[in-house]
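Here is how the chains run, residue by residue.
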Amino acid sequence: RFIDLPVLARLNFGSGPVTGYIAAGPQVGYALNARIRTRADFLVDLELTNIPIRFRGDTFERFDLSGGITAGAEFEVGSGKLFFDVRYNQSFLDAFNVPVIDLNIRNHGFGLGAGYRIAL
């Protein structure tokens with residue numbers, strides 16, 4: 001689980017009751033906790049390992065720097081706007097630091113968002 005702080009520049013397009021937008025920019029993250037899970041999924045779903053990650057030492061990175069992009073649409077509803085968007089972010093840093101092996105494992109995420117924005 002991460003706490004992420006994105007700093008995005010947003011470009012709006014369209015006019016009228018329906019508008020669109022795209023946004024992009026950097027994101028800083030801080031890992032609260034993590035687990036390594038391996039599963040086998042054939043006829044039944046088996047969890048083979050479930051190991052908590054300890055952030056002590058130099059192996060696992062707690063801080064992350066990534067880039068994100070968002071695309072969405074807004075619809076005027078009453079005195080506010082209803083919005084829907086899709087998001088993707090990709091880390092620029094390796095999540096693991098093992099000196100002997102170059103794992104190149106990086107965090108990434110995909111999300112869907114919806115909300116209602118009220119202009120005050």
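Anyway, here's the lowdown on the structure attached to this text. (Residues numbered from 1 in each chain as written. Predicted model: local features only at pLDDT ≥ 70, side-chain atom pairs only at ≥ 80, totals over all residues. Heavy atoms only, no water.)

1. Details of the pairing of strand S4 (residues 35-41)
One face of the sheet, then the other: side chains in a regular strand alternate in exactly this way.
So, step 1. Of the strand pairs in this sheet, S4 and strand S5 (residues 45-52) are connected by 7 bridges, and their pairing is antiparallel. Paired with Asp-41 across the bridge in S5 is Asp-45.
So, step 2. Count of turn residues in the S4/S5 antiparallel hairpin: 3 residues. (Pairing = 2+ DSSP bridges. Helix = DSSP H or I, 4+ residues; strand = E, 2+ residues; numbered from the N terminus.)

2. With respect to the packing of aromatic side chains
So, step 1. The final tally for this structure, using the stated rule, is 2 aromatic pairs.
So, step 2. Between Phe-75 and Phe-84, the aromatic rings sit 6.1 Å apart at their centres with planes inclined by 65°, giving edge-to-face as the arrangement.
So, step 3. For Phe-84, a relative accessible area of 42% corresponds to the partly exposed category.
So, step 4. Note that Arg-10 overlies the ring of Tyr-21, its terminal NZ or CZ placed 3.9 Å from the centroid. (Phe/Tyr/Trp six-rings, centres within 6.5 Å; stacked < 30°, edge-to-face > 60°. Buried < 20%, exposed > 50% of the residue type's maximum accessible area, 1.4 Å probe, protein only. Lys NZ or Arg CZ within 6 Å of the ring centre and 35° of its normal.)

3. A few points about a nonpolar patch on the surface
So, step 1. A cluster of nonpolar residues, Val-18, Phe-75, Val-77, Phe-84, Tyr-116, Ile-118 and Leu-120, forms a patch on the protein surface that exposes about 740 Å² of accessible area.
So, step 2. Of all the secondary structure elements, the ones that give two or more residues to the nonpolar patch are strand S6 (63-77) and strand S8 (108-118).
So, step 3. Looking at Ile-118, the relative accessible area reads 52%, which means it is exposed. (Patch = residues over 30% accessible without salt bridge, like charges linked within 9 Å, V, L, I, M, F, W, Y side chains within 5 Å. Areas by Shrake-Rupley, 256 points an atom, 1.4 Å probe, with all protein chains shown as cover. Salt bridge = Lys/Arg side-chain N within 4 Å of Asp/Glu carboxyl O.)

4. What to know about the side chain of Asn-89
So, step 1. Here Asn-89 lies in strand S7 (residues 80-91).
So, step 2. Filtering out sequence-adjacent residues up to four positions away, Asn-89 remains in contact with Gln-27, Ser-66, Gly-67, Gly-68, His-108 and Gly-109. (Contact = heavy atoms within 4.5 Å.)

5. Let's talk about the pattern of salt bridges
So, step 1. For the structure shown, the criterion picks out 4 salt bridges.
So, step 2. Of the charged contacts, one joins Glu-74 and Arg-10 as a salt bridge, the two residues approaching to 3.0 Å between their closest N and O atoms. Taken together, the residues span a long stretch of sequence, with Glu-74 in strand S6 and Arg-10 in strand S2 (residues 9-13) at a distance of 64 residues.
So, step 3. The class for Glu-74 is buried, based on a relative accessible area of 4%.
So, step 4. Across the pair Glu-74 and Arg-117 runs a salt bridge, and its minimum N-O distance is 2.4 Å. Placement of Glu-74 in strand S6 and of Arg-117 in strand S8 is noted, with a sequence separation of 43 residues between them.
So, step 5. Where salt bridges share partners, they join Arg-10, Glu-74, Lys-81 and Arg-117 into one cluster.

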